[in-house]
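# Examination of the molecular architecture
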Amino acid sequence: MGLLTFKGGIHPYDGKALSKDKPIRRLLPKGLLVYPLSQHIGAPAKPVVKKGDHVLAGQVIAEAGGFVSAPVHASVSGTVKGIEDRLTNVGTMASCIIVENDGAYESVEYHPADPQKLSKEEILARIREGGVVGMGGAGFPTHVKLAPKEPDKIDYVLVNGAECEPYLTSDYRRMLEEPELIVGGLKIMLRLFDNAKGYICVEDNKQDCAEKLRQACQGESRIEVKVMKTKYPQGAERMMIYAATGRKINSSMLPADAGCVVDNVDTVAAIYKAVALGEPLMHRTVTVTGDAIRDPQNFCVCTGTNYAELIDEAGGFYVEPQKVVSGGPMMGFALYDLNIPVTKTSSAVLCMKEDIASQREPSACINCGRCVDVCPGRVLPAKLAVFAEHHDEENFLKYNGLECCECGCCSYICPARRPLTQAIKSMRKIALAHRKK
Amino acid sequence: MEKLRVSSNPHDRSRVTTNQIMLMVVIALLPATVFGIFNFGLNAFLLIVISIVTCVLTEGIYEMLMHKKLTVTDFSAVVTGLLLALNLPPEAPWWIPILGGVFAILIVKQLFGGLGQNIMNPALAARCFLLLSFTGIMTDFSVSPYAQNHIADVVSSATQGADAVSGATLLAEIKAGTAVDGSMLLDMFVGNIRGTIGETSAIALLIGGIFLVAMKVISLRIPLTYIGSFAVFYAIFGGHGIDPMYLAAEICGGGLMLGAWFMATDYVTAPLTRNGQLVYGVILGILTGIFRVFGGSAEGVSYAIIFSNLLVPLIERVTVPRAFGKGGKRHE
């Protein structure tokens, strides 16, 4: 049994009040739509359209490039303008299919099915064909995650509705407005794992969601709603598994090794749509928020929509922002250009009036140990950062550097404002590359 | 639009800064400081001022001469100056804190690389330096005629007016064989005894310590394991068994309260690891016990702390915490 919380973690300013009462609004894109071929972990998708082709919403425009990969679908009808390199939300250029919206929003015909009558293989096939990937941020192809070597050994399917990142309210709105979609998605996932129980996990700052979800899963003997203590990073996969089940995994294990499968709320809803309705993943919920935004909103947007359009739809900037982040303030990417597309993994656009992170220069480490207290991975961030600065890979590994989950708690709490997470992240990247060799 | 700023995550920061933490320590030391000035009078006040000014100036001048970034505004030199002064006898001459302050900041802190790099607590290292070099001055706890009115004359009444020991602390008296009684304990708790400027009032130090714990500046790990293991050691080897009177006298009477709450908890020179802090506290307690029971002096806190400071890298190396999920087994 889990304790419904974990050791360490922080309580940053949560900023959710800005957008939590704004119902999800469907947004129709105006300009060009840009679809990166790599919106997931694994091989990039391979384009199956060429310049000048007419496409419909829901049509495959790029097919999976391997088993660990996912197809990409057009989210509007229109004409393919070409395949070009464009800037994406991680700050790098990537190959993208560009579609000019014809404004007709014609879609292909979807083929609904009764999930209870589908076989396990058919369910997985529909998820794969629907291009469903983890929408919490990592973008791991869902059909791969849902097909572990020994499905009988999966004891828990966890729906991650913690939404522990400050400012984000897209999952909150989704659970509040469409709880039956999430329960429906979870029921489909449970079909794949005969011995598993389903837990929908939310933090205790979302009691209203928990209530709605409980109502939606009434009579479902295999599904339970778990309310966890509100603390960042409760939604980190390892923390979530521990809080829900009491099981621990390390950096070299998969959730399946602990008998768990974890998927984010939006992903579970996408599973439902792909399997029951036959609709591929081409929309997602995005919170547009921050103190620089005039009218913070939760949008249901077509993938491929330009970020700048979202900001306009949220009333534009109230004041000039110093920083715009794709995702939440703890783990999001800072953007230097707003001309980038919404992908399957974009959860929020956070526009900040002031960049708190750059307000003060880093000063000397006084060994206060606050980073150690807040680290959910139970490593010694202050020491790891020194090893990282000295490129001392041996000691970095000896002091469990790979067990860092890059949640950012250490940098957040550091009274000397040292960029601990940044140093550890870059060293981890090098160490992981060496490990793969 | 102006250029957007980019940096690695996270994009939010806690509002607590190093300066605030240092300032919190200064505030926590105020009850003991004010009591010391009230108790010992003008000279104590002057020593405190001279010590702080010396530390701040030494740091500022060194950093200017070396073209380093000025860090005097971070209050760490103020903390060092104040702690050094609180460790001086109330009637010490004016040049003692100057010598001590320069030694603390220049030799112990800056030459090792400045804030965060020193291997010993600067204030305590300076105190030990002074104690070895000017033993007579540093162990003379006789007080001025002005201040004497405030100090209960427990020592001389207990020893029936033996003038030769009038400059010794109560702890030294106990070690020499004086029996502990209730009124003596009360004086120790309040601070109505001889000692260094800041160490006499157990209650004032306790208020400061609790304040630091409440403000989450320090945890109870080091103070409690330190005091606890010292008490156990003293009960076994002190020669008085588990006599609460003697235990209380040993805990409140000397430098233990000041050391356990304010100097052993110095971040820079204490272990970073949580288990390491427990080990460190126990080592401190045992060393203090050895120095007090078997050593020549009735005191031992300062030496115990600076010696344990040197053990910190070793303690840290053997107390690296087990990472989350480390050694995790596949669930069957």
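Residues numbered from 1 in each chain as written. Chains lettered and ligands numbered in written order. Predicted model: local features only at pLDDT ≥ 70, side-chain atom pairs only at ≥ 80, totals over all residues.

Broken down by element type, chain A carries 13 helices and 17 strands. Here chain A has a C-alpha radius of gyration of 21 Å; the compact-globule value for 437 residues is 22 Å, and the two agree. Projected onto its principal axes, the C-alpha positions of chain A cover 65 × 50 × 45 Å. Counting over 437 residues, chain A shows a buried share of 58%. The contacts of chain A with a sequence gap of at least 6 include a subset with a gap of at least 24, amounting to 72%. (Helix = DSSP H or I, 4+ residues; strand = E, 2+ residues; numbered from the N terminus. Rg over C-alpha atoms; globule rule 2.2 N^0.38 Å. Buried ≥ 20, exposed ≤ 12 C-beta atoms within 10 Å, placed from the backbone. Contact = placed C-beta atoms within 7 Å.)

All names here are of chain A. Taken in spatial order, the four strands make up an open sheet running 2-8-7-4, and their pairing is antiparallel. Each edge of the open sheet carries a strand with a single partner, namely strand 2 (32–36) and strand 4 (54–55). Bridge analysis of strand 7 (residues 78–87) against strand 8 (residues 93–101) gives nine bridges, and the strand direction is antiparallel. Bridge pairing in strand 8 links Gly78 to Asn101. (Pairing = 2+ DSSP bridges.)

This paragraph deals with helix 1 (residues 18–40) of chain B. Residues and elements named next belong to chain B. Given a rise of 1.5 Å per residue, 23 residues ought to cover 33 Å, and the 32 Å separating the end C-alpha atoms of helix 1 matches this to within 8%. Along its length, helix 1 shows its largest kink, about 40 degrees, at Leu30, and proline Pro31 lies within four residues downstream of that point. Gly41 occupies a position one or two residues after helix 1 and carries a positive phi of about 90 degrees. (Expected span 1.5 Å × (residues − 1). Bend = angle between axes of the 7 residues up to and from the residue.)

On to the nonpolar core, then. All names here are of chain A. By size, the foremost hydrophobic cluster in this structure holds 230 residues, and its most contacted members are Leu158 and Ile182. The greatest single-element share of this core, amounting to nine residues, is contributed by helix 7 (residues 265–277). Split by domain, the residues of this core number at least three in each of domain 1 (111–277) and domain 2 (370–436). The contact partners of Ile182, leaving out residues within four places of it in the chain, are Val159, Met175, Ile200, Leu213, Val265, Val268 and Ala269. (Core = buried A, V, L, I, M, F, W, Y, C linked by C-beta atoms within 7 Å. Domains from an automatic or database assignment.)

What follows concerns the pairing of strand 10 (residues 197–203) of chain A. Residues and elements named next belong to chain A. With six of seven residues buried, strand 10 lies mostly within the body of the structure. With six bridges connecting them, strand 10 and strand 11 (residues 223–228) associate as parallel partners. Opposite Cys201, over in strand 11, you have Lys226 as the bridge partner. At this point the chain moves from strand 10, through helix 5 (residues 207–216), to the parallel strand 11, and the crossover so formed is right-handed. (Right-handed = clockwise from strand over helix to strand, strands pointing away.)

Turning next to the sheet that holds strand 6 (residues 72–73) of chain A. All names here are of chain A. In space, the three strands of this open sheet follow the order 3-5-6, with antiparallel pairing throughout. Two strands bound the open sheet, and with one partner strand each, they are strand 3 (46–47) and strand 6. Examined bridge by bridge, strand 3 and strand 5 (residues 60–63) share two bridges and lie antiparallel to one another. The partner of Lys46 across the bridge, within strand 5, is Glu63.

Bringing helix 13 (residues 420–436) of chain A into the picture now. Two residues of an α-helix separated by three or four positions point the same way, owing to the 3.6 residues in each turn. Residues and elements named next belong to chain A. Relative to the 24 Å expected for 17 residues at 1.5 Å per residue, helix 13 spans 24 Å between its end C-alpha atoms, a close match to the ideal helical length. Along helix 13, the residues that are buried comprise Leu420, Thr421, Ala423, Ile424, Met427 and Arg428. Looking straight down helix 13, one finds that the buried residues subtend no more than 150 degrees of arc, so they occupy a single side. In helix 13, those exposed residues whose orientation departs by more than 90 degrees from the buried face are Lys429, Ala433 and Lys436. As for helix 13, its buried residues are in contact with helix 9 (370–374), helix 10 (381–389), helix 11 (393–398) and helix 12 (409–413). (Arc of directions from axis to C-beta.)

As a further point, take the interface of chain B and chain A. Contacts between the two partners involve 37 residues from chain B and, on the opposite side, 60 residues from chain A. Of the residues that constitute the side of chain B that touches chain A, the class distribution is 14 nonpolar, 13 polar and ten charged. (Nonpolar A, V, L, I, M, F, W, Y, C, P; charged D, E, K, R; others polar.)

What follows concerns the environment of B:Leu23. Relative to the elements of secondary structure, B:Leu23 occurs in helix 1. Accessibility expressed as a C-beta count within 10 Å gives 15 for B:Leu23, which makes it partly exposed.

So, about the packing of helix 3 (residues 170–177) of chain A against helix 5 of chain A. Residues and elements named next belong to chain A. Packing of helix 3 against helix 5 leaves a shortest axis separation of 8 Å and a crossing angle of 35 degrees. As for the relative orientation of helix 3 and helix 5, their crossing is left-handed in sense. Together, Tyr172, Met175 and Leu176 of helix 3 and Asp208, Cys209, Lys212 and Leu213 of helix 5 make up the contact between the two elements. (Axes fitted to C-alpha atoms, helices over the stretch in contact; angles between N-to-C directions. Left-handed = near helix turned anticlockwise from the far one by under 90°.)

Our next topic: the domain arrangement of chain A. When the parts of a complex come together, some accessible area is lost, and that lost area is often used as the size of the interface. Residue and element names in this part refer to chain A. Along its sequence, chain A is organised into domain 1 (111–277) and domain 2 (370–436). Here the C-alpha centroids of domain 1 and domain 2 sit 29 Å apart. In this complex, domain 1 contributes six residues to the contact, which on the side of domain 2 involves five residues. Class assignment for the residues of the side of domain 1 that touches domain 2 results in three nonpolar, two polar and one charged.

The next point concerns the pairing of strand 5 of chain A. Pairing geometry for strand 5 of chain A and strand 6 of chain A, over two bridges, is antiparallel. Among the inter-strand pairings, A:Ala62 is bridged to a residue of strand 6 of chain A, identified as A:Val72.

Attention now moves to the environment of A:Arg174. Residues and elements named next belong to chain A. Tracing the backbone through its elements, the reader meets Arg174 in helix 3. Look at Arg174 and you get buried, because 25 C-beta atoms sit within 10 Å. It is 9.7 Å that separates the C-alpha atoms of Arg174 and Cys300, two residues lying 126 residues apart in sequence. Excluding its chain neighbours within four sequence positions, the residues that come into contact with Arg174 are Val265, Asp266, Ala269 and Thr285.

With that out of the way, let us pick up the environment of B:Glu91. All names here are of chain B. With respect to the helices and strands, Glu91 occurs in the loop between helix 3 (76–86) and helix 4 (95–109). Overall, the presence of 19 C-beta atoms within 10 Å leaves Glu91 in the partly exposed class. For the pair Glu91 and Leu258, spaced 167 residues apart in sequence, the C-alpha separation works out to 19 Å.

Residues and elements named next belong to chain B. Looking at chain B, the pLDDT average stands at 89 and 91% of residues meet or exceed 70. Note on residues 153–165: pLDDT under 50 across the span, and 17 contacts to partners over four residues away in sequence or across chains. Overall fold confidence (pTM) sits at 0.92, and the ipTM for the predicted complex is 0.89. (pLDDT = per-residue confidence, 0-100.)

The next subject is unusual backbone geometry. In this chain, A:Tyr232 is followed by A:Pro233 through a cis amide linkage whose omega measures -5 degrees. If you trace the backbone, A:Pro233 turns up in the loop between strand 11 and helix 6 (237–245). The omega torsion across B:Asn9 and B:Pro10 is -5 degrees, close enough to zero to call that bond cis. With respect to the helices, strands and loops of the structure, B:Pro10 is situated in the segment before helix 1. With a phi close to 40 degrees, A:Glu163 is a non-glycine residue in the positive phi region. Checked against the element boundaries, A:Glu163 lands in the loop between strand 9 (156–161) and helix 3. Residue A:Glu163 is classed as buried on the basis of its 31 C-beta neighbours within 10 Å. The residue A:Asn367 is not glycine, and still its phi comes out positive at about 65 degrees. For A:Asn367, the location among the structural elements is in the loop between strand 17 (348–352) and helix 9. In this structure A:Asn367 comes out as buried when scored by C-beta crowding, with 21 C-beta atoms within 10 Å.

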